[in-house]
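Summary of structural features
For reference, the chains in residue letters:
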Amino acid sequence: AQSVTQPDIHITVSEGASLELRCNYSYGATPYLFWYVQSPGQGLQLLLKYFSGDTLVQGIKGFEAEFKRSQSSFNLRKPSVHWSDAAEYFCAVGGVSDYKLSFGAGTTVTVRA
Amino acid sequence: GAGVSQSPRYKVAKRGQDVALRCDPISGHVSLFWYQQALGQGPEFLTYFQNEAQLDKSGLPSDRFFAERPEGSVSTLKIQRTQQEDSAVYLCASTEGGEAFFGQGTRLTVV
């Protein structure tokens, strides 16, 4: 069975500081990995995805994530956060034969001035 | 349309009432998914369509939940005899190239 764990429920970061959100997954084959962001009252917006190839992937809004197979991790990073990055972030896993996504419980990011 | 559209955005239902939630996927997208997102949780898979065929309904929580996509485009999620535990945001997504595009969701509150 596939599953995702996001160990941090809530992170507070100062504007301009770096941000790292953790994601660990369990999947029996080669995973497809995703990070989504959800602002209040909004749907999910895809930040970035990993299917294969280079393990460091770049996304929108200055985000990047690194796939580490040995650690079953896909952590999200941003070098300098902006107030508009305050939102909830979800990591998800799927695969070529598993069309449906399994999501983590999410990490809420608060940005302080 | 430009994206996945869901209606209504908000629905308040009295316990025992039937509700119908609509999803208009991105034009041409073959695959369509419904997810349920409880408060403070990540989305959980409900059901999956490929064109008009419902290929997986393993996530539907009970036989009160029913989904259809009769012409392979618009989909409707119906919940009969709503219960308080059905209160959640219902998200629809259509996919292309392994990427899922989500609608804004319908927030259902059962009172």
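Preceding this section is the structure that the text describes.
Attention here is on the structure that accompanies the text. (Residues numbered from 1 in each chain as written. Chains lettered and ligands numbered in written order. Predicted model: local features only at pLDDT ≥ 70, side-chain atom pairs only at ≥ 80, totals over all residues. Heavy atoms only, no water.)

1. Details of the overall build of chain B
A count of helices and strands for chain B gives 0 helices and 11 strands. If you list the helices and strands of chain B from N to C, you get β-β-β-β-β-β-β-β-β-β-β. Counting only residues that meet the buried cut, chain B has 47% of its 111 residues in that class. Of the contacts formed within chain B by residues at least 6 apart in sequence, a portion of 49% connects residues at least 24 apart. For chain B, the accessible area works out to roughly 5400 Å², and carbon and sulfur atoms hold 45% of it. (Helix = DSSP H or I, 4+ residues; strand = E, 2+ residues; numbered from the N terminus. Buried < 20%, exposed > 50% of the residue type's maximum accessible area, 1.4 Å probe, protein only. Contact = heavy atoms within 4.5 Å. Areas by Shrake-Rupley, 256 points an atom, 1.4 Å probe, with all protein chains shown as cover.)

2. Quick look at the layout of surface pockets
Where empty space is left can be seen by rolling a probe of water-molecule size over the atoms. Size it by volume and the largest pocket reaches roughly 350 Å³. Considering the residues around the largest pocket, the lining is formed by 20 residues, among which Gln38 and Gly41 of chain A together with Gln37, Val89 and Arg107 of chain B are closest to the centre. Of all elements in the fold, only strand E10 (87–94) of chain A together with strand E11 (106–110) of chain B reach the threshold of two or more residues within the lining of the largest pocket. (1 Å grid on protein atoms, 1.4 Å probe; cavity = no way out; pocket = protein on both sides within 12 Å on 5 of 7 lines; lining within 4 Å. Points joined across faces, edges and corners; volume = space filled by probe spheres on them.)

3. Some details on the pairing of strand E5 (residues 44–50) of chain B
Residue and element names in this part refer to chain B. Where burial is concerned, most of E5 is hidden: 5 out of the 7 residues are buried. With 6 bridges connecting them, strand E4 (residues 31–37) and E5 associate as antiparallel partners. Bridge assignment links Phe33 to a residue of E5, and that residue is Tyr48. As consecutive antiparallel partners, E4 and E5 are separated by 6 residues, and within that stretch Gly40 has a phi angle of approximately 75°, a positive value. (Pairing = 2+ DSSP bridges.)

4. Regarding empty space enclosed by the protein
All names here are of chain A. The full count for this structure, using the stated rule, is 1 cavity of 30 Å³ or more. Empty space within the largest cavity amounts to approximately 30 Å³. In this structure, the largest cavity is lined by Val37, Ser39, Lys61, Ser84, Asp85, Ala87 and Tyr89. Class assignment for the residues of the lining of the largest cavity results in 3 nonpolar, 2 polar and 2 charged. (Nonpolar A, V, L, I, M, F, W, Y, C, P; charged D, E, K, R; others polar.)

5. Looking at the sheet that holds strand E8 (residues 75–79) of chain B
Residues and elements named next belong to chain B. An order of E1-E3-E8-E7 is seen for the 4 strands of this open sheet, with the pairing classed as antiparallel. The open sheet has two edge strands, strand E1 (5–7) and strand E7 (65–68), and neither has a second partner. Direction aside, neighbouring strands of the sheet carry axes that sit 15° apart on average. (Axes fitted to C-alpha atoms, helices over the stretch in contact; angles between N-to-C directions.)

6. A few points about the interface of chain A and chain B
Facing the 17 residues of chain A at the interface are 20 residues of chain B. Carbon and sulfur atoms make up 52% of the area that chain A and chain B hide from each other, which totals about 1500 Å². Taken as a group, Leu44, Tyr99 and Lys100 of chain A account for 32% of the area that chain A buries against chain B, more than any other trio of residues on that side. Viewed at the interface, chain B and chain A are joined by 2 salt bridges. (Buried area = accessible area lost by both parts, 1.4 Å probe. Salt bridge = Lys/Arg side-chain N within 4 Å of Asp/Glu carboxyl O.)

7. Structural notes on unusual backbone geometry
The linkage connecting Ser7 of chain B with the following residue, Pro8 of chain B, adopts the cis geometry, with an omega of -10°. Structurally, the position occupied by Pro8 of chain B is in the loop between E1 and strand E2 (10–13). With phi around 50°, Ser72 of chain A is a residue other than glycine that occupies positive phi space. Along the polypeptide, Ser72 of chain A turns up in the loop between strand E8 (64–68) and strand E9 (73–78). For Arg81 of chain B, which is not a glycine, the phi torsion comes out positive at approximately 45°. Positionally, Arg81 of chain B belongs in the loop between E8 and strand E9 (88–96).

Coordinates in, geometry out; function isn't part of it.
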